[in-house]
Amino acid sequence: MLKLVLDHLQTSSTFEVGLFFLLLNVCIFIVSVGGCWLVARCFRHRQVLSSFQPFQLLELIAALIAVFLNAVISVVGWWLWREGSIQLTDRSGTGIVFDSLVMVAFMDIVMYFGHRLVHVPLLYPAVHRFHHRHEKTNPLSLFVLHPLEVLGFGTAMISFLLLYPISPQGLVIYLTLNLIFGTLGHCGVEPFPVWLSRIPILNLLGTSTFHAEHHEDQRYNFGFYTLFWDWLFQTLDPDYRIRYRNPSRYLIRRTHSDPDPAHHDDR
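We now turn to the structure provided with this report. (Residues numbered from 1 in each chain as written. Predicted model: local features only at pLDDT ≥ 70, side-chain atom pairs only at ≥ 80, totals over all residues. Heavy atoms only, no water.)

### A few points about the pattern of salt bridges
Scanning the model with the defined rule gives five salt bridges in all. If you follow the salt bridges from partner to partner, you end up with E213, E216 and R243 in one network. (Salt bridge = Lys/Arg side-chain N within 4 Å of Asp/Glu carboxyl O.)

Spelled out as structure tokens, the structure:
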């Protein structure tokens, strides 16, 4: 099936590819928003947030702009692939798994340091403060981003693909994991089981509690897929382990840790 799609994309016009990726990203948006709401319903006994952030029209518009920009980035990646700058390599079995893990590791590093960068006071008000309108997240939060953040993430992905000849299946696995982690990170509940914290390696996965704590207190938890870099650079919330095991006992509360004090005055 994937080969048929690639063969079709190889011979399609830019307009056809743009329409394809726009529809695909709209579907991804719907799946993420619907999945976030469903997970919140199914795991409400393990709430991280007392309630969802209220929906606002401005944020819906921003989310739709993010969807459009994701489609544009996809078209750029397609063009680079068709021109031969991005290589997709046939692999099977462990090679596919390895590809996806390499991309997760690369993007995890880039996203950690990129996230810390946009929290620098010089950049934060202009770029990242918009996302932090959501102290309490909601199903739109994953897409409520400044356009520069969307383009930055897309540039990081394309940079990786220019450097590493990945298998199509490995790329799809990575993109699926990215959607899952992004959706779960903003769902307001903790679907990851408690026993996960007792298993080496797996206890480094970025959970819903982990990301919700960052929205609560912006001094901590800059990672996305894992908390390894936060552990290494001592930016992991010291209460994370306790709150992960007992999320409903420690519901996310409002704090005033924003690097820009005006953040809490412009709502």
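We are not done yet, so read on.
### Observations concerning the packing of aromatic side chains
To describe a pair of aromatic rings, you give the distance between the ring centres and the angle between the ring planes. The tally for this structure, following the rule as stated, stands at 18 aromatic pairs. Taken together, a centroid distance of 5.9 Å and an interplanar angle of 20° make the contact between Y112 and F233 stacked. Remark: F233 occurs in the loop between helix 8 (228–232) and helix 9 (240–245) and Y112 occurs in helix 4 (residues 94–118); sequence separation between them is 121 residues. With relative accessibility at 0%, the residue Y112 sits in the buried group. F233 sits in the partly exposed class, given a relative accessible area of 37%. Ring geometry for Y240 against Y244: centres 5.9 Å apart, planes inclined by 25°, an arrangement best described as stacked. Of this pair, Y240 and Y244 both sit in helix 9, four residues apart, roughly one helical turn. Take Y240 and Y244: they sit in the same class, and that class is buried. Ring pairs connect the aromatic residues Y112, F113, F222, F228, W229, W231 and F233, which therefore count as one cluster. (Phe/Tyr/Trp six-rings, centres within 6.5 Å; stacked < 30°, edge-to-face > 60°. Helix = DSSP H or I, 4+ residues; strand = E, 2+ residues; numbered from the N terminus. Buried < 20%, exposed > 50% of the residue type's maximum accessible area, 1.4 Å probe, protein only.)

### Describing the state of the cysteines
Under the criterion given, the structure shown has zero disulfides. Here C27 is not cross-linked by a disulfide; its sulfur's nearest cysteine counterpart is in C36, at 18 Å. Of all cysteine sulfurs, the one in C187 lies closest to C36, which takes part in no disulfide; the gap is 5.4 Å. Exposure remark for C36: the relative accessible area of 1% places this residue in the buried category. (Disulfide = S-S within 2.5 Å.)

### What about the environment of Q218?
Mapping Q218 onto the fold places it in the loop between helix 7 (208–216) and helix 8. Here the alpha-carbon distance between Q218 and D108, two residues 110 residues apart in the chain, equals 18 Å. For Q218, the side chain forms a polar contact with the side chain of Y124, separated by 3.0 Å. Only 3.5 Å separates the side chain of Q218 from the side chain of H132, close enough to count as a polar contact. (Polar contact = N/O pair within 3.5 Å; in protein donor to acceptor, adjacent residues only side chain to side chain.)

### Some remarks on helix 5 (residues 147–163)
The end-to-end C-alpha distance of helix 5, which contains 17 residues, comes to 24 Å, matching closely the 24 Å that a straight helix rising 1.5 Å per residue would cover. For helix 5, the set of buried residues is E149, V150, G154, A156, M157, I158, F160 and L161. Looking at the buried side of helix 5, the elements it contacts are helix 3 (57–82), helix 4 and helix 6 (168–184). (Expected span 1.5 Å × (residues − 1). Contact = heavy atoms within 4.5 Å.)

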